[in-house]
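Spelled out, the chains give:
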Amino acid sequence: MASSSTTLPDKDRAAKTHFRIIRFIMEAGVKLGMHSIPTATACTVYHKFFHETSLDAYDPYLVAMSAIYLAGKVEEQHLRTRDIINVCHRYLNPGSDPLEVDAKFWELRDSIVQCELLMLRLLHFRVSFTHPHKYLLHYLVSLKNWMNRHSWERTPIATASWALLRDSYHGDICLRYQAQHIAVAVLYFALQCYGVDVPGNESAETEWWKVFSEDLTRETISCIISELIHVYTMDTEIP
Amino acid sequence: MDKDLVRQSFSYHGPTLLSLVKCEQHDHAGFRQLLGELSKWPQYRKERNLDTIEIQQFIARKADLLFALSWKSNVRENAESQESSEGCYAVMPPLEQFMEVPSTQKRELFCRDVERGDVVIGRITSIRDFGFFMVLISMGSGILRALESLEISALCPIRDVPSQSNHGDPLSYYQIGDLIQAAVKDIDRYHEKITLSLHKSSLPSHLSHLKLGVISSEDMPEYYKHSTAFSSSSDTYEKVLRQSVAFSNPSTVEFLLSTLGIDESKPPSLIRGLQRENFCDQDYAPFLRRKQSSSWALKCVKMGVDYFKLGRHVDAMNEYNKALEIDPKNVEALVARGALYATKGSLNKAIDDFEIALENCPTHKNARKYLCQTLVERGGQLEEEDKLLNAESYYNKALTIDKSFMEAEEALNKVRQCIQKSFEKREKHEEKEEKAKEKKIETSAEKLRKLLKEEKRKKKHKKSSSSSSSTSSSESSSSSSSHKKHKKKRSRKHSVSSSRSRRHSSSAPAREDEQLTPPADTSASFLKQGDCRIYDSLDRSHRKSIEFKSRNRSLSSSSLELIDPAGGRSEDSRDSYSSAKTHASGSTSKSAASASKYRPSRRDSTASSSTRAEGKYRDDPKDRHKDSKTSFSRKSDSYHRKYSMSDCGANERKPCDGGSRSREQSLQRSANTSRKEAPNGNTATSKDVPGNLLNILNQIAEFKKEKGGQTKI
């Protein structure tokens, strides 16, 4: 992450804010029943938006809500604004009753829709992304067939790598690395965590991760992994 | 904690991880216990690259989540038949083929990983007395590996070959080179010897649909085809993946997640704040929506009740309906709407609402109370209509809901007595009835005749002074001809007209019931009604209405003479009355004008009708011709009125009427249009409403009018 290498306090603060907002998107996504792909799109839209502008100009929570709304449309999992508003309102005001459907509510809804339009224009209407998810799943299936069944069943590699991939959106990894590279890196990381070696990797002509993505280097993998670890460090720092 | 998993990771990462975990997870109960045992385990591991220290730190910090038992994927080997998974994801050639793992190792790993019950596909290489040998080329289930180059041979002993039909020797059915699909029965991992079986019983239950024995090359698994294709082309993994059509299938993700055992409704995460346990069920969207909807609906109900108290029943109804649209099972809204229906006399609707309310909330006191009362009231209605058995069932229903409801009990007893009596009487009645019927018909016919004679006499007297009379024998005849077709529409029109008439003569609201219930004896009640109307309009416009009155009488007589089916005609002519009244009650100058407009054409039609009917009038063919035209144009006119209630002007109708329109007609039409302009939106709304709602709608019209009056003031 750019902010971690340069120790500018501003950038660090921004990264922390983004972490918090993405966590908000993730939580709202779970409560809205959003799938992983729309959630990933929402996060990417969010990151891209603040890549173009500064945090001071817009309310990040509103941007996040609009990103959720837009992602639902882009990925064809339509979410209703009323649900988005309810869930987000409840998140920001824990334990409160849902908003009454009155003028204030409709204004809030309008601002989400307006913000969505703004985001679209700022992103030049390019809001469909290649996510690592699909790659990762296919890698997992290939690996599953090659690994020992018992070893696979014992180790929750699929779940762990899926969690790592979802969590990676808390930073802006998705903007700076190829989808395939991220997919391989989280899989590599998950295997490392559980101490699993891919069988025959050492004697093979091509290492398994090189198979999945030819232009990937070990350095890139460790870069992504260390950025991921940085994301989790923020997790401990931010309440 | 998953002990095996922790051990696996620790033995991989070495003692550094152990100390880190000890440091990070010291207050985690599960780990404290585990760590005691862990220190006894032998630690062995070669040195790793430097970057693993970071990773180890991470593992230590997240150990409680990473090794939680809940993460273990619990995927059962579900029946992955070829059909269901086809096209759902990109089937890839085996990974080891891309990695180019040496064959010896591949072979070793296969023999280690293959399990009893796996399905393998191979080619028969030799057939002996004790069975046949085959070389494995592909897997049919489980681990999909590349086997073709491995030269693994397996034996299928003769006792595991089911005999085919009546051949003595089961092996004679097979030939060298046959493709065989078989189940693995036994593996000697050390000697790398595999025994197969062709018996279905050796298959695990989820694969029992597979066919064992000879297969064709088309039945080969998809991955095998890709594998052979790959070995000839040697593309990269990514290229093969991207070329697959299934890769761009958006439902791939969903499918693979389920096969890999990841639950999207509880997505895994290593972020502390995103653990599923921290989320409260009441923060989820469906719950919040429900809560919001019910409070929103309650707000509407409250507003509705306020309207109701002010007597604005229409607004109240709107609010209740809105509430029920927002929250279809809102008990308060249902009870409130039921109560409104009940006060408006739509007892059946009220009962429906109360019943649904009670279904959703069986303890709702008001719903119960109102339902009982309404049931009894409805029972009383039915009793009056002489439907005693139905009434009884209503009372019974009320009693089953509330046993202590005295009114219902009394009414029930009463009705039972009545039923008893009527049962006794029935036999006598039936005998009498037939006779009575015949008599009745005679008498009514006589009465009619008398009446008609009287009319004729009157007409003769009036002919000289005002030959006006019958608005439209032609109209009534034309409409009677179209009567059957447009029964429904007519009833709508009727409602329109009645509401229209009420707007102008709100002085007699009590008449609405009379209007709505079809009169038993049409001719008599019709006359009565007509008179009533005319007296009513008499209040407003004096002189003209007298003319109308006489006209009405003559109309009714002449139309009776034409012998129309009863029901619709009265409505139709009523329509014309009301329209006449509309004019009458309009601004005086206008009414005068319109009345004068009406007259000529009417004279015409009366003339013709009387010509036809009585044959006393002068027989002018021209006149008659004109008349038939009139009737035609009127017919079309009436159609127009039905289909395009308010929006068609005189110009639009021109092509329909044709050029042969007389001046009078055009005059009248303009009068019609002016009349048509009078009704406002009401008519449009009443158009789409089923007939039994008419009652309410009429009232609504009244209220709207009142409301309008209020606002004006």
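As the structure is a prediction and not an experimental result, all values here were calculated from the model.

1. Looking at the overall build of chain B
Looking only at helices and strands, chain B has 29 helices and six strands in total. Counting the 713 residues in chain B, one finds 46% classified as buried. Pairs at least 24 residues apart make up 67% of the contacts formed inside chain B by residues separated by at least 6 positions. Just so you have it, chain B exposes about 37600 Å², and 52% of that area is on carbon and sulfur atoms.

2. Section: the overall build of chain A
Across its full length, chain A carries 13 helices and zero strands. Reading the helices (α) and strands (β) of chain A from amino to carboxyl end gives α-α-α-α-α-α-α-α-α-α-α-α-α. Here the contacts in chain A between residues at least 6 apart in sequence split such that 76% fall between residues at least 24 apart. Roughly 9100 Å² of accessible area belongs to chain A as shown, and the carbon and sulfur atoms make up 49% of that amount.

3. Quick word on the interface of chain B and chain A
The interface is formed by 83 residues belonging to chain B together with 83 residues belonging to chain A. The largest per-residue losses of area from chain B upon contact with chain A belong to Met99(B), Arg289(B) and Gln292(B), which jointly make up 9% of the total buried on that side. Joining chain B to chain A, the criterion identifies seven salt bridges. Salt-bridge contacts for Asp283(B) lead to Arg90(A); the nearest nitrogen and oxygen are separated by 2.6 Å. At the surface where chain B touches chain A, the tally comes to 38 residue pairs in polar contact (both at pLDDT 80 or more). Of all the secondary-structure elements, those providing two or more residues to the side of chain B that touches chain A are α1 (3–13), α4 (51–66), α6 (95–99), α7 (103–113), α9 (237–243), α10 (252–260) and α11 (285–310) of chain B.

4. Considerations on the pattern of salt bridges
Considering all chains together, one arrives at 28 salt bridges over all chains under this definition. A salt bridge links Lys73(A) to Glu116(A); the nearest nitrogen and oxygen atoms lie 3.0 Å apart. Taken together, the positions of Lys73(A) in helix α4 (residues 60–74) and Glu116(A) in helix α6 (residues 103–122) put the pair 43 residues apart, joining distant regions of the chain. Take Glu116(A): its relative accessible area is 6%, and that puts it in the buried class. Across the pair Arg112(B) and Asp113(B) runs a salt bridge, and its minimum N-O distance is 2.9 Å. When its relative accessible area of 40% is taken as the criterion, Arg112(B) is described as partly exposed. Through salt bridges with shared partners, one network takes in Glu27(A), Lys31(A), Arg90(A) and Asp283(B).

5. Digging into the environment of Lys291(B)
Turning to its location among the elements, Lys291(B) is positioned in helix α11. Taking the C-alpha atoms as reference points, Lys291(B) and Asp327(B), separated by 36 residues in sequence, lie 9.8 Å from one another. Other than its neighbours up to four places away in sequence, Lys291(B) contacts Arg90(A), Asp97(A) and Pro98(A).

6. Observations regarding unusual backbone geometry
One can expect most non-glycine residues to show negative phi and most peptide bonds to be in trans. Residues and elements named next belong to chain A. Residue Glu 76 is not a glycine yet carries a positive backbone phi of 55 degrees. Considering the arrangement of structural elements, one finds Glu 76 in the loop between α4 and α5 (81–92). A relative accessible area of 73% places Glu 76 in the exposed class.

7. Structural notes on a positive patch on the surface
On the surface, a cluster of positive charge is made up of Lys421(B), Lys425(B), Lys428(B) and Lys432(B). Within the secondary structure, Lys425(B) sits in helix α17 (residues 406–463).

8. Quick look at the UniProt feature "repeat: TPR" (unreviewed entry) in chain B
Residues annotated by UniProt as "repeat: TPR" (unreviewed entry) correspond here to residues 297–330 and 331–364 of chain B. Segment residues 331–364 of chain B splits into 79% helix and 0% strand. End C-alpha atoms: 8 Å apart.

9. Brief notes about the environment of Arg416(B)
Among the secondary structure elements, Arg416(B) is positioned in helix α17. Not counting residues up to four positions away in its chain, the partners in contact with Arg416(B) are Glu392(B) and Asn396(B).

10. Notes on the nonpolar core
Leu187(A), Trp208(A), Phe58(B), Phe132(B), Leu136(B) and Leu196(B) are the most contacted members of the largest nonpolar core, which has 214 residues in total. If we ignore the near neighbours within four places in the chain, the residues touching Leu187(A) are Leu136(A), Tyr139(A), Leu140(A), Leu143(A), Ile157(A), Ser161(A), Trp208(A) and Phe212(A). Formed by six residues, the second largest nonpolar core is a distinct cluster that contains Ile121(B), Ile215(B), Met220(B) and Tyr224(B).

11. A short note on a negative patch on the surface
Where like charges cluster on the molecular surface, the negative patch consists of Glu427(B), Glu430(B), Glu431(B), Glu433(B) and Glu434(B). In this structure, Glu431(B) sits in helix α17.

12. Focus on the packing of helix α7 (residues 132–146) of chain A against helix α11 (residues 179–193) of chain A
Residue and element names in this part refer to chain A. Where α7 meets α11, the closest approach of the two axes is 8 Å, and the angle between their N-to-C directions is 45 degrees. In terms of axis orientation, α7 runs oblique to α11. Like other packed secondary-structure pairs, α7 and α11 cross with a definite hand, here right-handed. Every residue of α11 that contacts α7 at Pro 132, Tyr 135, Leu 136, Tyr 139, Leu 140 and Leu 143 is listed here: Ala 179, Gln 180, Ile 182, Ala 183, Val 184, Val 186, Leu 187 and Leu 191. Classifying every residue of the contact of α7 with α11 gives 13 nonpolar, one polar and no charged.

13. Here we look at the pairing of strand β4 (residues 179–188) of chain B
Two faces make up the sheet, and in a regular strand the side chains alternate between them. Residue and element names in this part refer to chain B. Burial analysis of β4 places seven of its ten residues in the buried class, the great majority of the element. Pairing geometry for strand β1 (residues 119–128) and β4, over five bridges, is antiparallel. Of the residues in β4, the one forming a bridge with Val 120 is Ala 182. Of the pairings in the sheet, the one linking β4 to strand β5 (residues 193–197) comprises five bridges and is antiparallel in character. Paired with Ala 183 across the strands is Ser 197, a residue of β5.

14. Side note on the packing of aromatic side chains
Two descriptors summarise a pair of aromatic rings, namely the distance from one centre to the other and the angle between the planes of the rings. Tallied over the entire structure, the rule returns 23 aromatic pairs over all chains. When the centroid spacing of 5.1 Å and the interplanar angle of 70 degrees are considered together, the rings of Phe98(B) and Tyr237(B) count as edge-to-face. Here Tyr237(B) lies in helix α9 and Phe98(B) lies in helix α6, a separation of 139 residues in the sequence. For Tyr237(B), a relative accessible area of 0% corresponds to the buried category. Ring pairs connect the aromatic residues Tyr135(A), Tyr139(A), Tyr188(A), Trp208(A), Phe212(A), Phe98(B), Phe230(B), Tyr237(B) and Phe247(B), which therefore count as one cluster. Between the NZ or CZ atom of Lys31(A) and the centre of the ring of Phe279(B), over which it lies, the distance is 5.2 Å. The ring centre of Phe247(B) lies 5.3 Å from the NZ or CZ of Lys134(A), which sits over that ring.

15. What to know about the pairing of strand β3 (residues 153–157) of chain B
All names here are of chain B. The pairing of strand β2 (residues 131–139) with β3 spans five bridges and is antiparallel. The partner of Met 134 across the bridge, within β3, is Ala 154. Judged from the two bridges that link them, β3 and β5 form a sheet pairing that is parallel. Residue Leu 155 lies in a different strand from β5, and its bridge partner there is Thr 195.

Reading the values: the criteria
Residues numbered from 1 in each chain as written. Chains lettered and ligands numbered in written order. Predicted model: local features only at pLDDT ≥ 70, side-chain atom pairs only at ≥ 80, totals over all residues. Heavy atoms only, no water. Helix = DSSP H or I, 4+ residues; strand = E, 2+ residues; numbered from the N terminus. Buried < 20%, exposed > 50% of the residue type's maximum accessible area, 1.4 Å probe, protein only. Contact = heavy atoms within 4.5 Å. Areas by Shrake-Rupley, 256 points an atom, 1.4 Å probe, with all protein chains shown as cover. Buried area = accessible area lost by both parts, 1.4 Å probe. Salt bridge = Lys/Arg side-chain N within 4 Å of Asp/Glu carboxyl O. Polar contact = N/O pair within 3.5 Å; in protein donor to acceptor, adjacent residues only side chain to side chain. Patch = residues over 30% accessible without salt bridge, like charges linked within 9 Å, V, L, I, M, F, W, Y side chains within 5 Å. Lys, Arg positive; Asp, Glu negative; His and termini not counted. Charge placed at Lys NZ, Arg CZ, Asp CG, Glu CD. UniProt positions renumbered as here; feature names shortened; annotations may be inferred. Core = buried A, V, L, I, M, F, W, Y, C linked by side-chain atoms within 4.5 Å. Axes fitted to C-alpha atoms, helices over the stretch in contact; angles between N-to-C directions. Parallel < 35°, antiparallel > 145°, perpendicular 65-115°, else oblique. Left-handed = near helix turned anticlockwise from the far one by under 90°. Nonpolar A, V, L, I, M, F, W, Y, C, P; charged D, E, K, R; others polar. Pairing = 2+ DSSP bridges. Phe/Tyr/Trp six-rings, centres within 6.5 Å; stacked < 30°, edge-to-face > 60°. Lys NZ or Arg CZ within 6 Å of the ring centre and 35° of its normal.

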